[in-house]
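So the chains spell out like this:
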Amino acid sequence: MVEQFESSNDVTVTLPRVQERIPTVVVDDAHVIYRIHKGAGGGGGPVGALKRIMSRTSAPNIREVHAVKGVSFTAYRGEAIGLIGSNGSGKSTMLRAIAGLLPVNRGAVYTQGQPSLLGVNAALLNDLSGERNVVLGCLAMGMSPDEVQRRTPEIIDFSGINQRGDFASLPMRTYSSGMGARLRFSIAAAKKHDVLLIDEALATGDKIFRKRSERRVRELREGAGTVFLVSHQLSSIRDTCERTIWLESGVLRMDGPTDEVVREYEAFSGK
Amino acid sequence: MANTTVADPDSGLTGAQLAQRYGLRFAGERPTLGEYAGQLWHYRHFIAAYANAKLVASFSNARLGQLWQVLTPLTNAAVYYLIFGVVLAQNRTPNFIAYLCTGLFIFNFTQTAVQTGTQSITSNLGLIRALHFPRACLPLAVTVTQFQQLLGSMVVLAVIVLVTGEPITLAWLMLVPAILLQTVFNAGLTMAVARMGSKLADLKQVMPFVMRTWMYGSGVLYSVELFSEQLPSWASGLVELNPALVYIELARVSLLENTPLLSSSLLQLWVTAVGWAIVMGVGGFIYFWRGEQEYGRG
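Thresholds, definitions, all that
Residues numbered from 1 in each chain as written. Chains lettered and ligands numbered in written order. Predicted model: local features only at pLDDT ≥ 70, side-chain atom pairs only at ≥ 80, totals over all residues. Heavy atoms only, no water. Helix = DSSP H or I, 4+ residues; strand = E, 2+ residues; numbered from the N terminus. Buried < 20%, exposed > 50% of the residue type's maximum accessible area, 1.4 Å probe, protein only. Contact = heavy atoms within 4.5 Å. Areas by Shrake-Rupley, 256 points an atom, 1.4 Å probe, with all protein chains shown as cover. Arc of directions from axis to C-beta. Core = buried A, V, L, I, M, F, W, Y, C linked by side-chain atoms within 4.5 Å. Buried area = accessible area lost by both parts, 1.4 Å probe. Salt bridge = Lys/Arg side-chain N within 4 Å of Asp/Glu carboxyl O. Polar contact = N/O pair within 3.5 Å; in protein donor to acceptor, adjacent residues only side chain to side chain. Nonpolar A, V, L, I, M, F, W, Y, C, P; charged D, E, K, R; others polar. Pairing = 2+ DSSP bridges. Patch = residues over 30% accessible without salt bridge, like charges linked within 9 Å, V, L, I, M, F, W, Y side chains within 5 Å. Lys, Arg positive; Asp, Glu negative; His and termini not counted. Charge placed at Lys NZ, Arg CZ, Asp CG, Glu CD. Expected span 1.5 Å × (residues − 1). Axes fitted to C-alpha atoms, helices over the stretch in contact; angles between N-to-C directions. Parallel < 35°, antiparallel > 145°, perpendicular 65-115°, else oblique. Left-handed = near helix turned anticlockwise from the far one by under 90°. Phe/Tyr/Trp six-rings, centres within 6.5 Å; stacked < 30°, edge-to-face > 60°.

### Structural notes on the overall build of chain A
Here comes step 1: Along its length, chain A carries nine helices and nine strands.
Here comes step 2: Across the 271 residues of chain A, 52% fall into the buried class.
Here comes step 3: Across chain A, the fraction of contacts at a sequence separation of at least 24, relative to all contacts at a separation of at least 6, is 72%.
Here comes step 4: Approximately 12400 Å² of chain A is accessible, and the part contributed by carbon and sulfur atoms is 51%.

### Focus: helix H11 (residues 233-241) of chain B
Residues and elements named next belong to chain B.
Here comes step 1: Among the residues of H11, Ala235, Ser236, Val239 and Glu240 are the ones counted as buried. For H11, the angular spread of the buried residues around the axis is 150°, confining them to a single face. H11 presents Trp234 and Leu238 as exposed residues on the side facing more than 90 degrees away from its buried surface.
Here comes step 2: Of the surrounding elements, those touching the buried residues of H11 are helix H10 (225-230), helix H12 (243-255) and helix H13 (266-290).

### Thoughts on the environment of Leu231(B)
Here comes step 1: For Leu231(B), the position within the fold is in the loop between H10 and H11.
Here comes step 2: Setting aside its immediate chain neighbours within four residues, Leu231(B) contacts Leu226(B), Ser236(B) and Val239(B).

### Examining the nonpolar core
Here comes step 1: Counting 54 residues, the largest nonpolar core has Phe105(B), Phe107(B) and Met154(B) as the members making the most contacts within it.
Here comes step 2: Going through the elements one at a time, helix H4 (68-87), helix H5 (96-118), helix H7 (137-163), helix H8 (175-199), helix H9 (203-216), H12 and H13 of chain B are the ones with two or more residues in this core.
Here comes step 3: If one sorts the elements of this core by residue count, H5(B) sits on top with eleven residues.
Here comes step 4: Counting 48 residues, the second largest nonpolar core, distinct from the first, contains Leu128(A), Met141(A), Tyr50(B) and Phe133(B).

### Observations regarding the interface of chain A and chain B
Reports often express the size of an interface as the amount of accessible area lost when the parts come together.
Here comes step 1: Contacts between the two partners involve 53 residues from chain A and, on the opposite side, 45 residues from chain B.
Here comes step 2: Counting the surface chain A buries against chain B, the share from its top three residues, Leu101(A), Tyr110(A) and Ala140(A), is 15%.
Here comes step 3: Connecting chain A to chain B are zero salt bridges.
Here comes step 4: For the pair chain A and chain B, the number of links is two residue pairs in polar contact (both at pLDDT 80 or more).
Here comes step 5: Residue assignment for the side of chain A that touches chain B shows that the elements contributing at least two residues are strand S1 (23-37), strand S2 (62-76), helix H3 (91-98), strand S4 (106-111), helix H4 (130-140) and strand S9 (251-257) of chain A.
Here comes step 6: Its residues placed into classes, the side of chain A that touches chain B shows 31 nonpolar, twelve polar and ten charged.
Here comes step 7: Relative to strand S1 (residues 25-26) of chain B, S4(A) is paired through two bridges, and the arrangement is antiparallel. The residue of S1(B) that forms the bridge with Thr111(A) is Arg25(B).

### Considerations on unusual backbone geometry
All names here are of chain A.
Here comes step 1: One non-glycine residue with positive phi stands out, namely Asp29, at about 50°.
Here comes step 2: Tracing the chain through its elements places Asp29 in strand S1.
Here comes step 3: Judged by its relative accessible area of 38%, Asp29 falls in the partly exposed class.
Here comes step 4: Of note in the backbone geometry, Ser249 takes a positive phi value of approximately 40° without being a glycine.
Here comes step 5: For Ser249, the location among the structural elements is in the loop between strand S8 (243-248) and S9.

### Here's the deal with a positive patch on the surface
Here comes step 1: Together, Lys207(A), Lys211(A), Arg215(A) and Arg218(A) make up a positively charged patch on the protein surface.
Here comes step 2: With respect to the helices, strands and loops of the structure, Lys211(A) is situated in helix H7 (residues 207-223).

### Re H7(A)
Here comes step 1: With 17 residues, H7(A) should reach 24 Å at 1.5 Å per residue; the first-to-last C-alpha distance of 25 Å fits that figure.
Here comes step 2: Every buried residue belonging to H7(A) is among Phe209(A), Arg212(A), Ser213(A), Glu214(A), Arg216(A), Val217(A), Leu220(A) and Arg221(A), and all of these are buried.

### Quick word on the packing of H4(A) against helix H3 (residues 44-59) of chain B
Here comes step 1: Where H4(A) contacts H3(B), the two axes come as close as 9 Å, and the packing angle between them is 150°. In terms of axis orientation, H4(A) runs roughly antiparallel to H3(B). The way H4(A) lies across H3(B) gives a crossing that is left-handed. Across from Arg132(A), Leu136(A), Leu139(A) and Ala140(A) in H4(A), the residues of H3(B) making contact are His45(B), Phe46(B), Ala49(B), Tyr50(B), Asn52(B), Ala53(B) and Val56(B).
Here comes step 2: Residue composition of the contact of H4(A) with H3(B), grouped by class: eight nonpolar, two polar and one charged.

### Section: the pairing of S9(A)
Residue and element names in this part refer to chain A.
Here comes step 1: Pairing between S8 and S9: six bridges, direction antiparallel. What sits directly across from Trp246, in S9, is Met254.
Here comes step 2: The turn linking S8 back onto S9 is made up of two residues, and Ser249 within it adopts a positive phi angle of 40°.

### Overview of a nonpolar patch on the surface
Here comes step 1: A cluster of nonpolar side chains, Val79(B), Tyr81(B), Leu82(B), Ile83(B), Val86(B), Val87(B), Leu88(B) and Ile97(B), forms an exposed patch at the surface whose accessible area comes to about 670 Å².
Here comes step 2: No other element matches H4(B), which puts six residues into the nonpolar patch.

### Concerning the side chain of Arg252(B)
Here comes step 1: With respect to the helices, strands and loops of the structure, Arg252(B) is situated in helix H12.
Here comes step 2: No salt bridge forms around the buried Arg252(B); measuring N to O, its nearest opposite-charge neighbour Glu249(B) is 5.1 Å away.

### Remarks on the side chain of Ser231(A)
Residues and elements named next belong to chain A.
Here comes step 1: Mapped onto the elements, Ser231 comes out in the loop between strand S7 (226-230) and helix H8 (234-240).
Here comes step 2: Among the polar contacts listed, one links the side chain of Ser231 to the backbone nitrogen of Gln233, at a separation of 2.9 Å.
Here comes step 3: Apart from residues no more than four positions distant in its own chain, Ser231 is found in contact with Leu83, Ile84, Glu200, Ser236 and Ile237.

### Quick notes on the environment of Phe185(A)
Here comes step 1: You can see Phe185(A) is positioned in helix H6 (residues 177-188).
Here comes step 2: Distance in space between the C-alpha atoms of Phe185(A) and Leu118(A) is 6.8 Å, their sequence separation being 67 residues.

### Concerning the packing of aromatic side chains
Here comes step 1: Using the criterion set out here, one finds 14 aromatic pairs over all chains in the structure.
Here comes step 2: Measuring from centroid to centroid gives 5.3 Å for Trp246(A) and Tyr265(A), while their planes differ by 80°, and the two rings are edge-to-face. Residue Trp246(A) is located in strand S8, and its partner Tyr265(A) is located in helix H9 (residues 258-268); the two are separated by 19 residues in the primary sequence. Accessibility assignment for this pair places Trp246(A) and Tyr265(A) in one class, buried.
Here comes step 3: For the ring pair Phe96(B) and Tyr99(B), a centre distance of 6.1 Å and an interplane angle of 25° mean the geometry is stacked. Separated by three residues within a single helix, Phe96(B) and Tyr99(B) lie in helix H5, roughly one turn from each other.

Right, dumping it as structure tokens:
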């Protein structure tokens, strides 16, 4: 632990030496609002629904959740940025907005190239074997069939799902949640990215896999321009990021060197 | 501390100016129509693999597996034959079994494509929010899956048609362009309903009724001559333009000898079939593309 902490200090030291600060992600006063249909139960069953339609009031069962409220920051090439904050503070939403998967309602997000989101939520087809899911996932990331064929064994090896026997040919619904998450991480990490967004991915799997995936993230970071990492594991933020952004209820609360921000955050969350 | 912009050490530019200087683009910017078509072409392997995967997955829990691809249309045909061929027997249509099955299978191709298409965005929201790919892949994959199902039904249909005493003729070859045109039509329609379904969850509830009405208006279960006999001429003229009816009639003309037709000429049938394929194919694609940025919102 102490060793890793020191090595992350080295990274912080080397950063100012980067001569040209080229921005890769510019987030300019971004707002994201979810509109949620709560479905029935919003008020009085069918009769209530009919009344609302007749009186033309907007249904109370549509609620707006303002998940990100005017966040602005600029990320530069070569940075690894941690995103922290309590549950529901808008971290994952922020990542999705940067990835262009969830459009912002106000403000703007500018990016260099196509950022890729590497999340544990990537829903694949649970009825299919792990191997077929690898093929599908790679194709969905835009790889050519040749490349997919070449990479598939590597990906399965990396995920380590075959350690307990031939699981790659079994449907994914038979996997434990950890195995599924490992496979998804391995698929997404198989590609090189300009801007890489990682959502809690390191928190999955056992200790061995976590070490392996942290190493992989460092490799990806060397190839990628910028890495964002969302995690509740402050240790993995400390190990991989030199800059940290703290979001709290959709508002940017602090942005600066990891040490300072994490210290403040720990004080805030009462650790 | 809240809401503060981190000062850029090298400039006091606004976000937009900074983005412009370094050539950054809007996240998730919609590509032009041409670029979008190009991207889709690049993702053709994904579409094929995804369609295939869906087909396999849909049978993966069933003990009989992919045999259902043939059993489902057969059972369907048997049920309808029991009701419309035996109970409500009508003798006016020659070779009613083959007539009914052709209509059923061709209509079913459009019907299931539309029904699964309506949910192709909403049921894949996880995938959409996780990975970047042109979203039209999803409704297109639905069309491909249904096309594969149709091929299964067509084998069944060929057997039924032959068993009921129809000869194999050169006209059977017309089935190929007819089905291809219908596939283009379905692809456009599926993309259109996919966008509508992504915005309006209620559509899923309404769709079965729409489809049933459409089925009754397409002369699947009874002789199409009823339209011209029972309806005023303007209404029967409208029914003649019904795309589902057009594709069904084309299939019937190809497979069956002296089958009743609503349309006055074969040429008219082909012209409407091509027209619908172009209008729906292109229209549905443009309509879907215009919503491209919004699909992640759900």
